[in-house]
Amino acid sequence: MNTIQQTLIQHAATIKPVVRHYDGNLLCEELAFDLTESATLSCCEADWSCQTKLVPASGGEGRFDLECTFRLTRGTAESAGIGVAIGFADWSPDNYVLLPSAVYDSNNFAIWDIKYPPFWSEPSQFRADMPTTATPVPRLSADSTRLEQTTGDTAAPCMGFHSAARQQGFLLLTTQGTRFGNSGLTVETNADRSRARFLVTAPCVREFRQDPCKAVPSDDRAINWQAGDCVTLRLSLWFFSAPRLQALFDRFCEIRKAPLNPSVPTHELPFSAAWQILDAKYNRDNWDEALGYYRLAPNADTTFEVSDNPLCFLWQLGWVGGGIATLPLSFQGSALSQQRAWRNLEMLFERTAAPSGFFYGIGDGENFYGDGIDGPHPHHLHMVRKSADALLLAFKHFDLFRKQEREIPPLWITNTHRLADAFARLWEQAGQLGQFVDVETGELLIGGSAAGAIAPAGLARASLFFDEPRYLSIAVAAARKYYQDFVLRGLTTGGPGEILSAPDSESAFAMLESFVTLLEITGDHGWLQPARDLLRQCATWVVSYDYVFPADSALGKSQARTTGAVWANVQNKSACPGICTLSGDSLLRLWRASGDTLALELLRDIAHGLPQYLSREDRLLGKPMHPGWMCERVNLSDWEGVQGIGGNLFGSCWAEVSLMLTTIEIPGLYVQPDTGMFQVFDHVLAEAIGHHDNSLTLKLTNPTRFDAEVKVLCEPSTACNQPLALNALLGTRTVCIPAGGSVIEAFRTNETAAPEIPGKDHTIDVLVAS
């Protein structure tokens with residue numbers, strides 16, 4: 001018995017190449033080949049062959065490469081397709097099924113069939129112990145034995161599961177598609193759910209596709225075959241031991257970039273050039289002079305007239321910009337931007353604090369409300385996520401202003417203190433940080449999600465700023481609860497304000513910020529493992545390869561490289577240019593603390609990918625969008641119709657703020673002169689040409705058509721023993737590289753760096769010489 005046979009028996013698994021016949025989008029018949037190097041079958045006066053190669057692969061026990069070439073050797077076949085089915089006996093409905101960015105824990109959640117945008121609006125619906133709840137999404141459950149997706153629905157064309165009972169796991173990775181287009185990814189069980197199959201099919205033929213908040217009949221159709229037609233499916237399979245659920249995510253991160261799909265970065269626009277475009281855009285399009293704030297939607301929006309803008313397009317405290325955008329504008333904006341950002345903060349701190357201590361989440365510059373979408377939510381509902389964003393961002397602003405020697409108005413500090421107290425009271429009264437509260441009273445209305453996952457980071461910062469250990473104790477307790485309730489379950493939920501409490505990427509990256517902040521502030525290395533576990537769950541939301549868009553789509557025309565795009569959530573099935581709304585600097589800080597190269601890889605992909613989605617005067621994107629506009633859509637899926645793939649770039653939004661944050665929190669170039677290690681995040685190239693005596697010499701090349709001013713974070717490897725200060729890149733050395741040019745720079749470290757003072761900002765004394 002060979003290794004492959006032993007593995008299949010050990011995992012109660014089978015592998016079957018299949019031919020499938022359809023009537024429209026309904027499967028009529030499926031025929032299976034024998035799993036041999038060369039197999040044949042006949043059906044409906046047509047003959048088929050399948051050539052199979054199944055060989056052990058490097059990278060771990062239980063890994064195999066599978067290639068199946070299907071050919072119609074005689075006759076014709078109408079409305080037919082092919083596939084590979086991996087079957088499992090001894091299946092349990094309790095198995096955790098994963099399709100990265102699309103399906104978590106089989107999507108077996110409470111379902112509420114409600115139109116977009118979904119939210120709980122009546123007190124009879126409110127629950128402190130709200131179960132994870134989603135709109136109708138593809139799922140496996142007692143009333144749904146099949147879920148159908150395309151490779152375009154996932155961050156990587158991958159699916160798998162973990163069996164707690166058998167302590168085993170399985171992952172399958174395939175290519176984006178074949179000459180028939182995107183392939184299908186299907187998981188199905190038999191009626192009593194004792195057996196399951198994972199199918200890769202070409203072409204993809206689903207009975208239903210996912211529309212926003214609902215399932216609709218798909219327009220998928222199979223192919224009419226002629227004699228001689230052939231197509232090949234290529235898969236990477238991994239059967240592995242999995243004593244705990246986390247092993248599924250650990251193995252996924254080892255396989256997600258297997259060379260089945262391309263990933264080649266493009267060098268399009270340096271961070272500094274992107275910043276200049278965005279700084280000008282915010283003053284040109286977003287500033288409301290009469291009310292003194294930066295609107296979320298441009299004043300010259302071609303989608304909405306100013307009077308028709310939904311409330312959510314005007315002012316939001318957190319989540320999608322608002323009080324987040326003022327940080328980069330204050331950090332490195334023009335004199336006009338800094339003056340306007342200050343006025344915006346006056347509005348935030350002096351006019352949006354509610355009696356409870358929480359801040360109002362939404363408004364029009366004159367009137368402010370708990371929260372809302374088109375208009376205010378009833379019952380003073382407020383997303384705790386927005387106040388949590390504001391709490392953390394307040395301390396980033398305060399740190400920046402102190403370093404800029406700007407006096408912070410006392411009322412700003414007072415209202416921030418009240419906000420920290422509001423979160424502390426919420427925890428002490430409810431034992432959780434919830435999802436929605438009454439903004440006037442602070443009472444928990446809806447709980448059970450990870451919506452407030454960034455609040456522990458804000459509370460930990462508050463403990464230092466206000467010298468109140470109580471805040472840190474609550475931050476630690478809340479973060480531990482998040483780890484137990486969500487990370488150990490393999491999902492985080494409720495970050496966005498219009499997905500109920502479905503799994504999402506935003507709460508995952510927010511929680512990572514909290515874990516890393518607690519690692520830094522407490523010095524407790526016990527936070528490393530939770531952070532590294534969560535890091536691997538965050539990776540399931542990040543696109544691992546360069547998706548091939550339709551050539552005539554907006555992103556197809558711009559030749560966008562999707563590696564590093566970040567999926568939103570399982571309901572709103574779009575990838576986005578970046579993290580909503582963070583730079584991802586927690587990834588850099590986690591790498592410095594742990595040496596975990598996955599964190600550096602994800603940050604490189606996310607940060608480097610962002611600038612290509614910025615509409616520029618020389619390359620307008622979308623309908624077209626104005627210079628400086630970025631849309632949140634990186635549509636790999638057909639959730640907005642086939643015509644939406646690579647398109648529906650409808651206008652300006654929060655993705656601009658993610659890029660703005662990236663330009664101030666992520667160095668364009670990171671260098672460790674003593675070890676010779678360096679990492680480029682910006683759109684430039686680096687080549688080592690000399691390394692000796694704690695000095696590293698690099699040749700830096702700018703292949704773009706824009707001059708680059710590259711921020712450099714240069715430090716000895718020993719500096720990684722201490723956390724980075726807030727606003728660590730303020731005043732950092734920059735290297736200027738002309739468009740199309742190169743420079744040679746030498747970097748060296750001063751080994752007499754001052755040690756960190758606990759509880760204080762810490763900087764490393766670094767010399768950068770050229």
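Residues numbered from 1 in each chain as written. Predicted model: local features only at pLDDT ≥ 70, side-chain atom pairs only at ≥ 80, totals over all residues. Heavy atoms only, no water.

Asks: Help me understand the overall build of the protein, please; the structure alone is not making it clear to me.
Replies: Across its full length, the protein holds 15 helices and 37 strands. Its C-alpha atoms give the protein a radius of gyration of 26 Å, within 12% of the compact-globule value 27 Å for 770 residues. Classification of the 770 residues of the protein by burial places 63% in the buried group. Intrachain contacts of the protein at a sequence separation of at least 6 include 70% that bridge at least 24 residues. The distance from the centre of the 61 positive side-chain charges to the centre of the 87 negative ones in the protein is 2 Å. (Helix = DSSP H or I, 4+ residues; strand = E, 2+ residues; numbered from the N terminus. Rg over C-alpha atoms; globule rule 2.2 N^0.38 Å. Buried < 20%, exposed > 50% of the residue type's maximum accessible area, 1.4 Å probe, protein only. Contact = heavy atoms within 4.5 Å. Lys, Arg positive; Asp, Glu negative; His and termini not counted. Charge placed at Lys NZ, Arg CZ, Asp CG, Glu CD.)

Asks: Got a minute to help me understand the nonpolar core in this structure?
Replies: The nonpolar side chains of soluble globular proteins are, as a tendency, buried together. Within the largest apolar cluster, 188 residues are counted, with the highest numbers of intra-cluster contacts made by Phe423, Phe509, Met511, Phe515 and Leu587. The element contributing the most residues to this core is helix α6 (residues 384-403), with 11 residues. In contact with Phe509, other than residues within four places in its own chain, are Cys538, Val542, Val566, Ile579, Leu582, Leu587 and Ile606. With 47 residues, the next largest nonpolar core counts Ala39, Ile82, Trp91 and Phe180 among its residues. (Core = buried A, V, L, I, M, F, W, Y, C linked by side-chain atoms within 4.5 Å.)

Asks: Looking at this structure, I do not really get the packing of helix α7 (residues 410-430) against helix α8 (residues 455-465). What am I missing?
Replies: When two helices pack together, you describe them by how their axes are tilted relative to each other and by the distance separating the axes. For the pair α7 and α8, the least separation of the axes is 10 Å and the interaxial angle reads 125 degrees. As judged from the angle between their axes, α7 and α8 are oblique. When you trace α7 past α8, the crossing you get is left-handed. Residue-level inspection shows Ile413, Ala420 and Phe423 of α7 in contact with α8, the latter providing Ala455, Leu459, Ala462 and Phe465. (Axes fitted to C-alpha atoms, helices over the stretch in contact; angles between N-to-C directions. Parallel < 35°, antiparallel > 145°, perpendicular 65-115°, else oblique. Left-handed = near helix turned anticlockwise from the far one by under 90°.)

Asks: Would you explain the environment of Gln537 in this entry?
Replies: Looking at the secondary structure, you find Gln537 in helix α11 (residues 528-538). With sequence-adjacent residues up to four places away left out, Gln537 is seen in contact with Gln246, Phe249, Val487, Gly490 and Leu491.

Asks: Mind showing me how you'd approach the sheet that holds strand β25 (residues 368-369) here?
Replies: Two strands in a sheet stick together by hydrogen bonds in their backbones, pointing the same way (parallel) or opposite ways (antiparallel). Pairing is antiparallel across the open sheet formed by 3 strands, whose spatial order is β23-β24-β25. What marks the edges here is a single partner per strand, and that holds for β23 (315-316) and β25. One ladder, built from 2 bridges, connects β23 with strand β24 (residues 362-363); its direction is antiparallel. Each bridged residue has a counterpart across the sheet, and for Trp315 the counterpart in β24 is Gly363. (Pairing = 2+ DSSP bridges.)

Asks: Can you walk me through the sheet that holds strand β26 (residues 381-383) in this structure?
Replies: Taken in spatial order, the 3 strands make up an open sheet running β26-β27-β28, and their pairing is antiparallel. Both edges of this open sheet fall to β26 and β28 (444-446), since each of them pairs with a single strand only. If you compare each strand with its neighbour and ignore which way they point, the axes differ by 45 degrees on average. Two strands pair when backbone bridges link them, and β26 and strand β27 (residues 436-438) are joined in this way by 3 bridges, in the antiparallel orientation. Looking at β27, one finds that Leu381 is bridged to Asp438.

Asks: Where do I start with empty space enclosed by the protein in this structure?
Replies: Gaps between atoms show up when a probe of the same size as a water molecule is rolled over them. Throughout the structure, instances matching the rule amount to 10 cavities of 30 Å³ or more. Considered as a void within the structure, the largest cavity measures approximately 220 Å³ in volume. Forming the walls of the largest cavity are 18 residues, and the residues nearest its centre are Asp585, Ala725, Leu726, Asn727 and Ala728. Those elements that place two or more of their residues in the lining of the largest cavity are α6, α10 (505-522), α13 (585-594) and α15 (655-665). Top element by residues in the lining of the largest cavity is α13. It accounts for 3 residues. (1 Å grid on protein atoms, 1.4 Å probe; cavity = no way out; pocket = protein on both sides within 12 Å on 5 of 7 lines; lining within 4 Å. Points joined across faces, edges and corners; volume = space filled by probe spheres on them.)

Asks: Just to check I follow, could you spell out the packing of aromatic side chains for this structure?
Replies: Centre distance and the angle of the planes are the two values used to describe a pair of aromatic rings. With the rule as written, the count across this model stands at 37 aromatic pairs. Taking 4.7 Å as the distance between ring centres and 20 degrees as the angle between the ring planes, the aromatic pair formed by Tyr104 and Trp541 counts as stacked. Taken together, the residues Tyr104 in the loop between β7 (96-98) and β8 (110-111) and Trp541 in the loop between α11 and α12 (554-557) connect sequence positions 437 residues apart. Three or more aromatic residues joined by ring pairs form one cluster here, namely Trp342, Phe349, Phe359, Phe395, Phe398, Phe401, Trp412, Phe465 and Phe466. One residue, Arg63, lies across the ring of Trp238, its end atom 4.5 Å from the ring centre. (Phe/Tyr/Trp six-rings, centres within 6.5 Å; stacked < 30°, edge-to-face > 60°. Lys NZ or Arg CZ within 6 Å of the ring centre and 35° of its normal.)

Asks: Is there a simple way to explain the pattern of salt bridges in this structure?
Replies: Oppositely charged side chains are able to pair whenever their charged atoms sit close together. Tallying each qualifying case throughout the model produces 41 salt bridges. Of the charged contacts, one joins Arg146 and Glu188 as a salt bridge, the two residues approaching to 3.0 Å between their closest N and O atoms. With Arg146 in strand β10 (residues 146-150) and Glu188 in strand β15 (residues 184-189), the pair connects residues that are 42 residues apart, well separated along the chain. Under the relative-accessibility criterion, Arg146 is labelled partly exposed at 41%. Of the residues examined, Glu188 reaches a relative accessible area of 14% and is grouped as buried. (Salt bridge = Lys/Arg side-chain N within 4 Å of Asp/Glu carboxyl O.)

Asks: How should the pairing of strand β2 (residues 26-32) be read in this particular structure?
Replies: Residues in a regular strand point their side chains to alternate faces of the sheet. Note: strand β1 (residues 13-23) against β2, 6 bridges, orientation antiparallel. What sits directly across from His21, in β2, is Glu29. Counted between consecutive antiparallel strands, the loop separating β1 from β2 contains 2 residues, among which Gly24 sits at a positive phi close to 65 degrees.

Asks: So what exactly am I meant to see when it comes to the pairing of strand β31 (residues 669-672) here?
Replies: Of the two faces of β31, the one carrying Leu669 and Val671 and the one carrying Tyr670 and Gln672 are both buried. Sheet analysis places β31 next to strand β32 (residues 677-680), joined by 4 bridges and oriented antiparallel. Bridge pairing in β32 places Tyr670 opposite Gln679. Count of turn residues in the β31/β32 antiparallel hairpin: 4 residues, of which Gly676 carries a positive phi of about 85 degrees. In terms of strand pairing, β31 meets strand β35 (residues 708-714) through 3 bridges, oriented parallel. Following the sheet pairing, Val671 is matched in β35 by Cys714.

Asks: What's the story with helix α5 (residues 335-351) in this structure? I'm lost.
Replies: An α-helix turns once per 3.6 residues; consequently, residues spaced three or four apart project the same way. Between its first and last C-alpha, α5 extends 24 Å over 17 residues, near the 24 Å set by a 1.5 Å rise per residue. Among the residues making up α5, those that are buried are Ser337, Arg340, Ala341, Trp342, Asn344, Leu345, Met347, Leu348 and Phe349. (Expected span 1.5 Å × (residues − 1).)

Asks: Explanation requested: unusual backbone geometry in the structure shown.
Replies: With the exception of glycine, the majority of residues adopt a negative phi angle, and the majority of peptide bonds are in the trans configuration. In the segment running from Ala202 into Pro203, the intervening peptide bond is cis, with an omega of -5 degrees. Mapping Pro203 onto the fold places it in the loop between β16 (196-202) and β17 (208-211). A cis amide bond, omega 0 degrees, links Lys623 with the succeeding residue Pro624. Even without a glycine there, the phi angle at Trp319 is positive, about 70 degrees.

Asks: I tried to follow the confidence of the model for the protein on my own but got confused; where do I start?
Replies: Detailed conclusions should not be drawn from predicted coordinates in areas where pLDDT is low. For the protein, the mean per-residue pLDDT works out to 94, and 96% of the residues sit at or above 70. Note that pLDDT drops below 50 for residues 301-307; the model gives that stretch 11 contacts with residues more than four away or on any other chain. Across residues 751-770 the pLDDT falls below 50, and counting only partners more than four positions away or on other chains, this stretch makes 42 contacts in the model. (pLDDT = per-residue confidence, 0-100.)

Asks: What is the right way to read the side chain of Lys573 from this model?
Replies: With respect to the helices and strands, Lys573 occurs in the loop between β29 (566-567) and β30 (575-576). It is Asp153 that comes nearest to the buried, bridge-free Lys573 among opposite-charge side chains, at 4.0 Å. Beyond its immediate chain neighbours, meaning those up to four positions away, Lys573 contacts Ala102, Gln149, Asp153, Gln210, Trp567, Asn635, Ser637 and Trp639.

Asks: How should I be thinking about the environment of Ala424 in this particular structure?
Replies: Looking at the element boundaries, Ala424 is found in helix α7. When the C-alpha positions of Ala424 and Arg748 are compared, they lie 45 Å apart, and in sequence the two are 324 residues distant. Once residues lying within four places of it in the same chain are set aside, the contact partners of Ala424 are Arg470, Tyr471 and Ile474.

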